[in-house]
Number of protein chains: 2
Amino acid sequence: MHTSGPQSCLSGIRILDLTQFEAGPACTEVLAWLGATVVKVENPSGDPGRKLGSTPSREGSWFNLFNANKQSLAIDLKRPAGLELLKEMARQADVFVENLAPGAIERLGLGPDVVRAINPSIVYAQLKGFGVGSPYERSLSFDPIGQASGGVMSVTGERDGMPMKPGTTLGDTGTGMLLATSILAALYRRVHTGQGELLQASMQDAMLQYIRGAFADPIDKGVPEMRNGVPGTNLVNMPIGLYPCKGGGPNDYICIYPSRVNPEHWDRLLKAIGRPELIGDERYSTVEARVANKADVNAMLEAWTTRHEKREAMRLIGEAGIPASAVFDSLELLNDPSMAARGIMQTVEHPRLGTIKMPTWPVVFGGETASVEPAPALGEHSGDVLSSWLGLDATEIERLRGERVI
Amino acid sequence: MHTSGPQSCLSGIRILDLTQFEAGPACTEVLAWLGATVVKVENPSGDPGRKLGSTPSREGSWFNLFNANKQSLAIDLKRPAGLELLKEMARQADVFVENLAPGAIERLGLGPDVVRAINPSIVYAQLKGFGVGSPYERSLSFDPIGQASGGVMSVTGERDGMPMKPGTTLGDTGTGMLLATSILAALYRRVHTGQGELLQASMQDAMLQYIRGAFADPIDKGVPEMRNGVPGTNLVNMPIGLYPCKGGGPNDYICIYPSRVNPEHWDRLLKAIGRPELIGDERYSTVEARVANKADVNAMLEAWTTRHEKREAMRLIGEAGIPASAVFDSLELLNDPSMAARGIMQTVEHPRLGTIKMPTWPVVFGGETASVEPAPALGEHSGDVLSSWLGLDATEIERLRGERVI
């Protein structure tokens, strides 16, 4: 029992988690890290996400990344006995979350009307590709569909190139984060009012939250926000963006982002790159002048950045008081000593993957982060869960196993 | 007083919001839409974000997009009387949020130690570029710095090109969303324990949550996740990605994403594009065969997609049961009739911008969304807030105005 840190927050909250792949599991994983008991309810063949990145000979780590700190109940909901057990559990749950294909949860007999009738104070949360009432509400969706339909692709890519999908899975995890926020808000209200809630999130709608700033151009100028290539921002500032560093690898770059509104940043940068004699030079002393002399500015910066390893460049420019960062890749972040020292990246003993590292919930609560526990094996907690939630004894659990209900 | 919908959730919660630009304001805006009273505390010159996208002759809508449903208190915290008033307010607040440059809030005399001593049960939340204890904890940051340092850029862009910043402001809004989630979790615990909390989020750390899946390759294979160009995903499936539609505009594309694990999707797609005679053809009947005959597959799809407008293509392919979406841009989404009908995109009467549309919190609570109110003018609620929080009368408020404290 945690009394401090993130895992003490949702102590006592029970979540029935009928989610699969990424969007739903990312949502419920956060709630597990915040201290809720999350029972991942899987059919006997398991969340299809278990197979992503796995080969017949080796389990991949993808599933583990999105299902840490959960329990697994493998149960056949197509058998009346399985469905009945789950309804009994719904009576005791605080939250029910699902992201199955449109209509699937209703066909299983566990739609919002059914579950909310059993337990009126439950927070029932659904995550789909498109919103209820949308012309596409019956359509299937995956992460890229969410990012296409919700505008993210339209603002990503080269200015004159095709739309592009960012490497982040915003359609999935991004939507899951907004649903987690909404679940917490409904739980907060429930403490005071006892009210349950039906929450409905869609990938398309959720994307608007992540491109909120992109609505300024349509509102102010009547034109869509355009994509802006590598720097990803309107080129009203110079220097801005990525500069190549020593090494020449695919991520050996530094992002330099002096403030447009703080003219001192440019002078600081000139000092940092050993060109203090250019301070006050009219060719470069204003943003407008630097935009006009863009090629010169880029050349003088690259002459310096290509002589420095990206971490060294980051240190020197950062210490000079200019916003800057190396481009770190996922392997570098996995092995970053500070991430480990600060408890953001943790080492986990996984029964099949071995000793691995993975990131926890990245917000720090009073100096503490959530302790990562490996994702469960399929059905690992079936007996425990039925015993602790419903009081079933060993004989009953054995009988259910024998009948292949669990 | 809302009794249902998102705005009934945090009824009675008071938030002191010392945030600026985007990351902090996006966080507190969500809490406002969830029903909290959010007082945006600004110095007499206002949040510098007020000027973004504005010109001397015209106010831009950017600030309004991130500060809806808040109140503004303009107060000079560098005067002892101003600081004292804010400390009095902190005594009554439930949450304190700030995202100033590292060390700035402490220099103002409102650091976590000070505020938590005044009000031990307050949730004090900080958002910075880099985590406390990181070698870069004193460094300045903006959204692109967060996306470079947290791995997002490394997985975005063409396979053989430079890293790229997605158009989404994940470093800002993405971090703000995780902090909002954490604030709600701490508030939930406080109901039961009375505990306050110190929450610390950093852009670099927060990005790991949005590229969680990108840690599978480093863990499983010891290599960083690579960027994958337009489709943004490993090319193990065909067809996948964007296909050009009739019109030829920069966002006239459809994203088609048949499931790798559901072979029926390909057959359905052949029917939808009028090539049912190819069902069962060995050149295309497996994912592996289609990858081998990639050029053919792309050509037959493009022959169809270029004859259809993107919405029509989306409808036809979606109705055939294949995940697909047009690439919508921000202007199309702003004017989307379904977004408006469903309450996701709302019309707001703004005193200076006029009648505009903007998106609200995109999760639906029992069929309701949060009603957007325009962002406040600088100091619009200074008197009201001091009167309702501290009981100051009109004479006292007038005196504070005269002394330029507010």
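Calculation notes
- Residues numbered from 1 in each chain as written.
- Chains lettered and ligands numbered in written order.
- Predicted model: local features only at pLDDT ≥ 70, side-chain atom pairs only at ≥ 80, totals over all residues.
- Heavy atoms only, no water.
- Salt bridge = Lys/Arg side-chain N within 4 Å of Asp/Glu carboxyl O.
- Buried < 20%, exposed > 50% of the residue type's maximum accessible area, 1.4 Å probe, protein only.
- Helix = DSSP H or I, 4+ residues; strand = E, 2+ residues; numbered from the N terminus.
- pLDDT = per-residue confidence, 0-100.
- Pairing = 2+ DSSP bridges.
- Contact = heavy atoms within 4.5 Å.
- Axes fitted to C-alpha atoms, helices over the stretch in contact; angles between N-to-C directions.
- Buried area = accessible area lost by both parts, 1.4 Å probe.
- Nonpolar A, V, L, I, M, F, W, Y, C, P; charged D, E, K, R; others polar.
- Parallel < 35°, antiparallel > 145°, perpendicular 65-115°, else oblique.
- Left-handed = near helix turned anticlockwise from the far one by under 90°.

Trainee: Go over the pattern of salt bridges, please, and point to the residues and values.
Mentor: Scanning all chains against the criterion turns up 46 salt bridges over all chains. For the salt bridge of Asp 281 of chain A with Arg 283 of chain A, the shortest nitrogen-to-oxygen distance reads 2.8 Å. The partly exposed category is assigned to Arg 283 of chain A, whose relative accessible area is 44%. The residue Glu 98 of chain B makes a salt bridge to Lys 128 of chain B at a minimum N-O spacing of 2.9 Å. Highlighted residues: Glu 98 of chain B in strand β4 (residues 95–98) and Lys 128 of chain B in strand β5 (residues 123–128), separated in sequence by 30 residues. For the pair shown, Glu 98 of chain B and Lys 128 of chain B are each scored as buried. What you see here is one network of salt bridges that share partners, running through Asp 252, Glu 309, Lys 310, Arg 311 and Glu 332 of chain A.

Trainee: Residue-level account of the confidence of the model for chain A, with values.
Mentor: Should pLDDT be low for a region, the predicted coordinates there are not to be read in detail. For chain A, mean pLDDT is 96; residues scoring 70 or higher make up 99% of the total. We note a pTM of 0.97 for the whole complex and an ipTM of 0.97 for its interfaces.

Trainee: I'd like a rundown of the sheet that holds strand β1 (residues 14–18) of chain A, residues and numbers included.
Mentor: Note: strands within a sheet are paired through backbone hydrogen bonds, in either parallel or antiparallel orientation. Strand order across the open sheet formed by 7 strands is β3(A)-β2(A)-β1(A)-β4(A)-β5(A)-β6(A)-β12(B), with mixed pairing between neighbours. In this open sheet, the two strands that pair with only one neighbour each are β3 (71–74) of chain A together with β12 (364–365) of chain B. Pairing geometry for strand β5 (residues 123–128) of chain A and strand β6 (residues 197–202) of chain A, over 6 bridges, is parallel. Its bridge partner lying in β6 of chain A, Gln 126 of chain A is registered against Gln 200 of chain A. Packed onto the sheet, helix α1 (residues 23–33) of chain A meets β1, β2 (37–42), β4 (95–98) and β5 of chain A and runs at close to 155° relative to β2 of chain A. Contacting β5 and β6 of chain A, helix α8 (residues 203–210) of chain A crosses the sheet at an angle of about 75° to β6 of chain A.

Trainee: Describe the interface of chain A and chain B, listing the residues and the values that go with them.
Mentor: The partner chain B presents 136 residues to the 136 residues of chain A that form the contact. Across the chain A/chain B interface, buried area totals approximately 11300 Å², and carbon plus sulfur atoms make up 68% of it. When the area that chain A buries against chain B is broken down by residue, the three leading residues are Met 164, Tyr 188 and Arg 212 of chain A, summing to 7%. The interface formed by chain A and chain B includes 4 salt bridges. Between Glu 29 of chain B and Arg 212 of chain A there is a salt bridge, and its shortest N-O distance comes to 3.7 Å. It is helix α7 (residues 170–193) of chain A that contributes the most residues to the side of chain A that touches chain B, 16 residues altogether. Its residues assigned to classes, the side of chain A that touches chain B shows 77 nonpolar, 44 polar and 15 charged. Where strand β12 (residues 364–365) of chain A and strand β6 (residues 197–202) of chain B come together, 2 bridges link them in antiparallel fashion. Counted as the bridge partner of Val 364 of chain A is Gln 200 of chain B from β6 of chain B.

Trainee: Can you tell me about the packing of α7 of chain A against helix α7 (residues 170–193) of chain B, naming the residues and giving the values?
Mentor: In the contact formed by α7 of chain A and α7 of chain B, the axes pass within 9 Å of each other and the chain directions differ by 25°. The angle between α7 of chain A and α7 of chain B falls in the class roughly parallel. The handedness of the crossing between α7 of chain A and α7 of chain B is left-handed. Residues Leu 170, Met 177, Leu 178, Thr 181, Leu 184, Ala 185, Leu 187, Tyr 188, Val 191 and His 192 of chain A of α7 of chain A touch α7 of chain B, and the partners they reach there are Leu 170, Met 177, Leu 178, Thr 181, Leu 184, Ala 185, Leu 187, Tyr 188, Val 191 and His 192 of chain B. By residue class, the composition of the contact of α7 of chain A with α7 of chain B is 16 nonpolar, 4 polar and no charged.

Trainee: So what about the packing of helix α1 (residues 23–33) of chain B against α7 of chain B? Which residues, and what values?
Mentor: All names here are of chain B. Across the interface, α1 lies against α7 with an axial gap of 7 Å and an inter-helix angle of 45°. Between α1 and α7, the angle is such that the two are oblique. As α1 runs across α7, the sense of the crossing is right-handed. Residues Ala 23, Ala 26, Cys 27, Val 30 and Leu 31 of α1 pack against Asp 172, Thr 173, Gly 176, Met 177, Leu 179, Ala 180, Ile 183 and Leu 184 of α7. Taken together, the residues of the contact of α1 with α7 break down into 10 nonpolar, 2 polar and 1 charged.

Trainee: Would you mind going over unusual backbone geometry in detail, with residue names and values included?
Mentor: Residues and elements named next belong to chain A. Residue Pro 239 is reached from Met 238 by a cis peptide bond, and omega for that bond is -10°. Within the secondary structure, Pro 239 sits in the loop between α9 (216–221) and β7 (241–244). Within the chain, Phe 21 stands out as a residue other than glycine whose phi angle is a positive 55°. Looking at where Phe 21 falls in the secondary structure, it is placed in the loop between β1 and α1. What makes Phe 21 partly exposed here is its relative accessible area of 24%. One non-glycine residue with positive phi stands out, namely Asn 69, at about 60°. Considering the arrangement of structural elements, one finds Asn 69 in the loop between α2 (62–66) and β3.

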